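# Close look at the chain arrangement
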Amino acid sequence: MPPANAARQAGPGREFLAWAVHHQRDQRRHGAELAQITEHHDLNPAGDATHQLQAWAVRQAHHKHLHDSAIAQVRHHSG
């Protein structure tokens, strides 16, 4: 069963599976971002560095929240 379908199923692992799907999507995006940065050099690298760091921090905080929530759900339902 693919993770996307499994995430729609009821059960204690549903939240974790949703996180796993989201995490996989984030990993693909991160790879694309790295490719863009390394293959397409910015003419003014300092120009947007602050915004890039802020966007990264927001994504990381969201990722951590989803991860922590998924782990809490799994622990709650398996305890």
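Check the entry above for the structure.
Presented here is an overview of the structure given in this document.

For the rest of this paragraph, the subject is the overall build of the protein chain. When helices and strands are tallied, the protein chain shows 3 helices and 0 strands. If you list the helices and strands of the protein chain from N to C, you get α-α-α. The burial tally for the protein chain puts 9% of its 79 residues in the buried class. Summed over all atoms, the accessible surface of the protein chain reaches about 6,300 Å², with 58% contributed by carbon and sulfur.

Here we take up the layout of surface pockets. By volume, the second largest pocket is sized at about 200 Å³. Lining the second largest pocket, in full, are His23, Asp26, Gln27, Arg29, His30, Glu33, Trp56, Arg59, Gln60 and His63. Of all elements in the fold, only helix H2 (14-39) and helix H3 (49-78) reach the threshold of two or more residues within the lining of the second largest pocket. Among the elements that line the lining of the second largest pocket, the one with the most residues is H2, at 6 residues. Classifying every residue of the lining of the second largest pocket gives 1 nonpolar, 5 polar and 4 charged.

Conventions used here
Residues numbered from 1 in each chain as written. Predicted model: local features only at pLDDT ≥ 70, side-chain atom pairs only at ≥ 80, totals over all residues. Heavy atoms only, no water. Helix = DSSP H or I, 4+ residues; strand = E, 2+ residues; numbered from the N terminus. Buried < 20%, exposed > 50% of the residue type's maximum accessible area, 1.4 Å probe, protein only. Areas by Shrake-Rupley, 256 points an atom, 1.4 Å probe, with all protein chains shown as cover. 1 Å grid on protein atoms, 1.4 Å probe; cavity = no way out; pocket = protein on both sides within 12 Å on 5 of 7 lines; lining within 4 Å. Points joined across faces, edges and corners; volume = space filled by probe spheres on them. Nonpolar A, V, L, I, M, F, W, Y, C, P; charged D, E, K, R; others polar.

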